[in-house]
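# Architecture and fold: a report
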Amino acid sequence: AKWGASIADHRAQPLTPTLIRDSDIIVTATGYHAEVILTFAPEEYARVRPMRRDRQDVKDPYGRPESAYRRAAAEIREEMTALADEVSDLVRRES
C-alpha cells in the first residue's frame, strides 16, 4: 500500500467474453495480452489499448529482485496516471 492502494484482496480471474464485453476500456501490459483478448473478441479492438504510451511491453518483474518490482510499479503508476488524465480530459470534453 506504499502508493495508497492495496492488492491484498485482488484475485485473478479468467478472461471471459462477458468480462471483455462489460469493460469500457481494456488496458494490457503486453502485446500478447492484447492478442489473446482480440482472439476472444476481435470486435472490441477499439477498446483494447497498451498500458505504455510507446506501445512497448511492461517488463515483468516476476522472479527478479525487489528493485525490478519497484521499477515495474513506478512504470505502471506513471502510465496509468497518464491514462487517467487522458480519460478525464475525454470525459470533460464530452460533458
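Residues numbered from 1 in each chain as written. Predicted model: local features only at pLDDT ≥ 70, side-chain atom pairs only at ≥ 80, totals over all residues. Heavy atoms only, no water.

### Thoughts on the overall build of the protein
Applicable threshold: Under the scheme used here, helices are H or I runs from DSSP no shorter than 4 residues and strands are E runs no shorter than 2 residues, and both carry numbers assigned from the N terminus. Type-normalised accessible area, obtained with a 1.4 Å probe on protein chains alone, sets the label of each residue: buried when under 20%, exposed when over 50%, and partly exposed for intermediate values. Contact definition: two residues touch when any of their heavy atoms are within 4.5 Å.
The secondary structure content of the protein amounts to three helices and two strands. Each helix (α) and strand (β) of the protein, taken in turn from the N terminus, gives the series α-β-α-β-α. The dimensions of the protein, computed from C-alpha atoms along their principal axes, are 40 × 30 × 30 Å. Burial statistics for the protein: of 95 residues in total, 23% are counted as buried. Of the contacts formed within the protein by residues at least 6 apart in sequence, a portion of 41% connects residues at least 24 apart.

### Here's the deal with the side chain of arginine 49
Looking at the element boundaries, arginine 49 is found in strand S2 (residues 48-50). Residue arginine 49 is classed as buried on the basis of its relative accessible area, which comes to 18%. If we ignore the near neighbours within four places in the chain, the residues touching arginine 49 are Ile25, Ile26, Val27, Thr28, Leu83 and Glu86.

### Observations regarding the nonpolar core
Worth spelling out the cut-off: Only buried residues count toward a nonpolar core, which is a set of Ala, Val, Leu, Ile, Met, Phe, Trp, Tyr and Cys residues joined through side-chain atoms within 4.5 Å.
Membership of the largest hydrophobic core is limited to six residues, which are Ile20, Ile26, Ala34, Ile37, Ala41 and Val48. Aside from chain neighbours lying at most four places away, what touches valine 48 is Ile26, Thr28, Ala34, Ile37 and Leu38.

### Points about the environment of arginine 49
Under the convention used in this document: Contacts described as polar in this section are N or O atom pairs within 3.5 Å, which, within protein, must combine one atom able to donate a hydrogen with one able to accept it, while residues neighboring in sequence count only if both atoms come from side chains.
C-alpha of arginine 49 to C-alpha of threonine 30: the two residues are 19 residues apart in sequence and 9.6 Å apart in space. At 3.1 Å, the side chain of arginine 49 and the side chain of glutamate 86 are in polar contact.

### Description of a nonpolar patch on the surface
Filter applied, for reference: A patch consists of residues whose relative accessible area exceeds 30% and which take part in no salt bridge; residues with like charges are grouped when within 9 Å of each other, and nonpolar side chains (Val, Leu, Ile, Met, Phe, Trp, Tyr) when within 5 Å. What sets the accessible areas is the Shrake-Rupley method with a 1.4 Å probe; for residues, cover comes only from the shown protein chains. Salt bridges are counted wherever a side-chain nitrogen of Lys or Arg sits within 4 Å of a carboxyl oxygen of Asp or Glu.
On the surface, Leu15, Leu19 and Phe40 cluster together into a nonpolar patch covering about 230 Å² of accessible area. Along the chain, phenylalanine 40 falls in helix H2 (residues 31-40). Residue class for phenylalanine 40 comes out partly exposed when judged on its relative accessible area of 42%.

### A few points about the pattern of salt bridges
Enumeration over the complete set of coordinates arrives at eight salt bridges. Of the charged contacts, one joins glutamate 86 and arginine 49 as a salt bridge, the two residues approaching to 3.1 Å between their closest N and O atoms. Placement of glutamate 86 in helix H3 (residues 66-94) and of arginine 49 in strand S2 is noted, with a sequence separation of 37 residues between them. Given a relative accessible area of 37%, glutamate 86 falls into the partly exposed group. Its salt-bridge partner being arginine 52, residue aspartate 54 comes within 2.5 Å of it at the nearest N-O pair. Judged by relative accessible area, aspartate 54 falls into the partly exposed class, the value being 42%.

### Observations concerning the environment of alanine 73
Assignment of secondary structure puts alanine 73 in helix H3. Judged by relative accessible area, which is 28%, alanine 73 ranks as partly exposed. It is 9.3 Å that separates the C-alpha atoms of alanine 73 and proline 61, two residues lying twelve residues apart in sequence.

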